[in-house]
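Residue-level structure breakdown
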Amino acid sequence: MASSPPKYDTMQPTLPFWTSPKTRKNEVVMELSPTQPLPLLPIELRSYVSPDNWETRVRAITRLASQFSKPMLESSWMLVALVLTFVIPIVAYYDSIHNYTVDLTVDQQEDREDELVWKARLISLGVTVGLWCVMFLPVAIWKRIGRVRVNKMIDRWAKDDVRSASSYEAIPTWKVTMPGMFRDVIVLTVSCPATPSIYDPEAYLPPYIAPPTEAAPSYEALKRFSGLQGDGKFGDIPLYNDAKEIAV
């Protein structure tokens, strides 16, 4: 009876979403969250940022940005704002019509029906705009204040890096994208200076690997050239040798 091959558990533990930073060109993009532990210093940044500096700055970014991100409170606030936006304008519309028609006779109401409707509509529109300003404008201002405070902190770090760096030391650039509505994910982007490459078209090349002054002709071009010349040579170099030498 043939034994079945052993079965191995292929399940892998769930890792925090910051463990695999996205690297594009000279940028390292990481997603931070106050509910996750601090990420380790990526390999791409170890030449530019010290581990202590990385931990201090990432902790400060996460703490400050998370103060302006409350997903549960934002969801509750927006739900209340949505309900009020639908309910209060309707109540204001019918209440304004009632107030305008309470002292009018039936004939007067029929004569001024269009006027009353348009007045009620304008009042309802004004109430709607007022609700938007009261419910949505504070949230936008709150988010804006958080973005300004984080940008000021990043600018202060940039000045400290320039002041403490040597004349020829490369300095990375930090950028933070604040959390949007209903989410607490903070996007950190660190741009590293481009490393000079010897493959750059403008890079200096030593003389022994400099490109040739003239491109070598292809094999087909050599065949056509030898057929026209008839001597089977390209300059002083024979293209082929018809003599057959047999080694004994």
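This section reports on the structure supplied with the text. (Residues numbered from 1 in each chain as written. Predicted model: local features only at pLDDT ≥ 70, side-chain atom pairs only at ≥ 80, totals over all residues. Heavy atoms only, no water.)

Now for the pairing of strand S3 (residues 173–177). The side-chain alternation of S3 yields one buried face, formed by Trp174 and Val176, and one unburied face, formed by Thr173, Lys175 and Thr177. Direction of pairing for S3 relative to strand S4 (residues 186–191): antiparallel, over a ladder of five bridges. Note that in S4 the partner of Thr173 across the bridge is Ser191. (Buried < 20%, exposed > 50% of the residue type's maximum accessible area, 1.4 Å probe, protein only. Helix = DSSP H or I, 4+ residues; strand = E, 2+ residues; numbered from the N terminus. Pairing = 2+ DSSP bridges.)

Let us now look at the pattern of salt bridges. One pass over the structure, following the stated rule, counts four salt bridges. Taking the shortest distance from any N to any O, the salt bridge between Glu74 and Lys143 comes out at 2.9 Å. Of this pair, Glu74 sits in helix H2 (residues 71–101) while Lys143 sits in helix H4 (residues 113–164), and the two are 69 residues apart along the sequence. Exposure remark for Lys143: the relative accessible area of 10% places this residue in the buried category. (Salt bridge = Lys/Arg side-chain N within 4 Å of Asp/Glu carboxyl O.)

Time to look at a nonpolar patch on the surface. A cluster of nonpolar side chains, contributed by Leu79, Leu82, Val83, Phe86, Val87, Ile88 and Val91, occupies part of the molecular surface with about 640 Å² of accessible area. Take Val87: it is sitting in helix H2. Residue class for Val87 comes out partly exposed when judged on its relative accessible area of 42%. (Patch = residues over 30% accessible without salt bridge, like charges linked within 9 Å, V, L, I, M, F, W, Y side chains within 5 Å. Areas by Shrake-Rupley, 256 points an atom, 1.4 Å probe, with all protein chains shown as cover.)

Considering all chains together, one arrives at four aromatic pairs under this definition. Where Tyr93 meets Tyr94, the ring centres are 5.1 Å apart and the plane angle is 90°; that geometry is what we call edge-to-face. Residue Tyr94 is classed as exposed on the basis of its relative accessible area, which comes to 54%. An aromatic cluster is built from Trp54, Trp157 and Trp174, whose rings are joined through pairwise contacts. The ring of Trp174 is capped by Arg57, whose NZ or CZ atom sits 5.3 Å from the centre of that ring. For the cation-ring pair, Arg121 lies above Trp118, with the distance from its terminal atom to the ring centre recorded as 5.0 Å. (Phe/Tyr/Trp six-rings, centres within 6.5 Å; stacked < 30°, edge-to-face > 60°. Lys NZ or Arg CZ within 6 Å of the ring centre and 35° of its normal.)

This part covers the side chain of Thr128. Here Thr128 is to be found in helix H4. The residues contacting Thr128, other than those within four sequence positions of it, are Thr85 and Pro89. (Contact = heavy atoms within 4.5 Å.)

With that settled, the discussion passes to helix H1 (residues 51–66). Compared with an ideal rise of 1.5 Å per residue, which puts 16 residues at 22 Å, H1 spans 22 Å between its outermost C-alpha atoms and is within 8% of the ideal. Turning to H1, its buried residues number three or more, namely Trp54, Arg57, Val58, Ala60, Ile61, Thr62, Leu64, Ala65 and Ser66. Against the buried residues of H1 lie strand S2 (27–32), H4, S3 and S4. (Expected span 1.5 Å × (residues − 1).)

Moving on, we get to the environment of Ile186. Along the chain, Ile186 falls in strand S4. Placed 117 residues apart in sequence, Ile186 and Ser69 show a C-alpha to C-alpha distance of 9.5 Å.

When S2 meets S4, the two strands line up antiparallel, connected through six bridges. Pairing of Leu32 across the sheet is with Ile186, part of S4.

Turning our eyes to something else, we now look at unusual backbone geometry. Within the chain, Phe182 stands out as a residue other than glycine whose phi angle is a positive 65°. By the secondary structure assignment, Phe182 is in the loop between S3 and S4. Note on Phe182: relative accessible area 47%, which makes it partly exposed.

This paragraph deals with H4. Residues separated by three or four positions in an α-helix point in the same direction, a consequence of the helix having 3.6 residues per turn. With 52 residues, H4 extends 75 Å from end C-alpha to end C-alpha; this agrees with the ideal 76 Å at 1.5 Å per step. Bending of H4 peaks at approximately 35° at the position of Phe136, with proline Pro138 no more than four residues after it. (Bend = angle between axes of the 7 residues up to and from the residue.)

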